[in-house]
2 protein chains.
Amino acid sequence: MPRSTAAADVFNAVAEPRRRDILVYLASQERAVGDIVAALELAQPSVSKHLKVLRDVGLVHVRRDGRQMFYRTNVEAIRPIQEWAGIFERFWGHQLSRVKERAERPSSGKGGNA
Amino acid sequence: MPRSTAAADVFNAVAEPRRRDILVYLASQERAVGDIVAALELAQPSVSKHLKVLRDVGLVHVRRDGRQMFYRTNVEAIRPIQEWAGIFERFWGHQLSRVKERAERPSSGKGGNA
DNA sequence: GGATCATATTCCAATAACGGAATATGTCAA
DNA sequence: TTGACATATTCCGTTATTGGAATATGATCC
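These remarks concern the structure in this document. (Residues numbered from 1 in each chain as written. Chains lettered and ligands numbered in written order. Predicted model: local features only at pLDDT ≥ 70, side-chain atom pairs only at ≥ 80, totals over all residues. Heavy atoms only, no water.)

In this section: empty space enclosed by the protein. Applying the stated criterion across every chain yields a total of one cavity of 30 Å³ or more. If you add up the space inside the largest cavity, you get close to 50 Å³. Lining the largest cavity we find Phe 11, Val 14 and Ile 81 of chain A together with Phe 11, Val 14, Ala 15 and Ile 81 of chain B. Taken together, the residues of the lining of the largest cavity sort by class into seven nonpolar, no polar and no charged. (1 Å grid on protein atoms, 1.4 Å probe; cavity = no way out; pocket = protein on both sides within 12 Å on 5 of 7 lines; lining within 4 Å. Points joined across faces, edges and corners; volume = space filled by probe spheres on them. Nonpolar A, V, L, I, M, F, W, Y, C, P; charged D, E, K, R; others polar.)

It is worth spelling out the packing of aromatic side chains at this point. What the rule picks out here adds up to four aromatic pairs over all chains. Here the aromatic rings of Phe 11 of chain A and Trp 84 of chain A are separated by 5.9 Å at their centres, their planes lie at 85°, and the arrangement is edge-to-face. Pair noted here: Phe 11 of chain A is in helix α1 (residues 10-13) and Trp 84 of chain A is in helix α5 (residues 79-86), with a separation of 73 residues, a long-range link. Just as Phe 11 of chain A is buried, Trp 84 of chain A falls in that class too. With a centroid separation of 4.9 Å and 70° between ring planes, the pair formed by Trp 84 of chain B and Phe 88 of chain B is classed as edge-to-face. Residue classification places Trp 84 of chain B among the buried positions, given a relative accessible area of 9%. Under the relative-accessibility criterion, Phe 88 of chain B is labelled buried at 0%. An aromatic cluster of three or more residues is present, and its members are Phe 11, Trp 84 and Phe 88 of chain A. Sitting above the plane of the Phe 11 of chain B ring, Arg 20 of chain A keeps its charged end 3.9 Å from the centroid. (Phe/Tyr/Trp six-rings, centres within 6.5 Å; stacked < 30°, edge-to-face > 60°. Helix = DSSP H or I, 4+ residues; strand = E, 2+ residues; numbered from the N terminus. Buried < 20%, exposed > 50% of the residue type's maximum accessible area, 1.4 Å probe, protein only. Lys NZ or Arg CZ within 6 Å of the ring centre and 35° of its normal.)

Remember, this is a structural readout, not a statement about activity or role.
Here's what the structure looks like:
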């Protein structure tokens, strides 16, 4: 029984490197499928399939214009991932007994941790 | 050819719901395998297998004490996920033409976005 | 050593994800 | 309508992943 009945959730969809690439590519601007194929150097059917997965999970929006389909990343849908990873943020400093990691923290914010 | 040769990377390892649960459970405190089994109500072999995946990817640390193995989440290893998701943070507000999403933002922190 | 506890590994069956090739669907132009 | 273009879907083979049961490994205690 592979993964939880497959890419039914965002985490699963994002487990694929190519899909992550696509999401990044589509984040700043909407693009036609052909552009994705060209930019990421993937086979067209492959891109369509990845896009379907991303669509099913709500990670991208689509718009049709003539015979082209314009995709765009739905950045809101990525929040669950951000938030999940954020759970561990408060432990950032607790673990490395070295205090030096303090320096590499960008701006942290979020207060809280001991 | 499923996923990129498997849980060779963090994103893949985290695609499994149970593994995410385990990581959260082990974030604040190290725990013996038996505790994980009891707390998450999973079969022992299953837990051992998930732990192996997490170990291989560096998402957990292990320590042996007698016949028990104490696992603990390596929170540092989760940063790549945080950072990847962070790529989209700057687009947070750009997308929803409705301004109302402004209201549902909890406290965000992390400064930055427009 | 032998028994027992704690965890890891192996074997198995079921499932599905992925890539590639071929083909289908849909849209526009003439 | 026919033809070309853009994208989607289907089919196929390969490979992993997962859970479950059984078993193996390692450590402690007697």
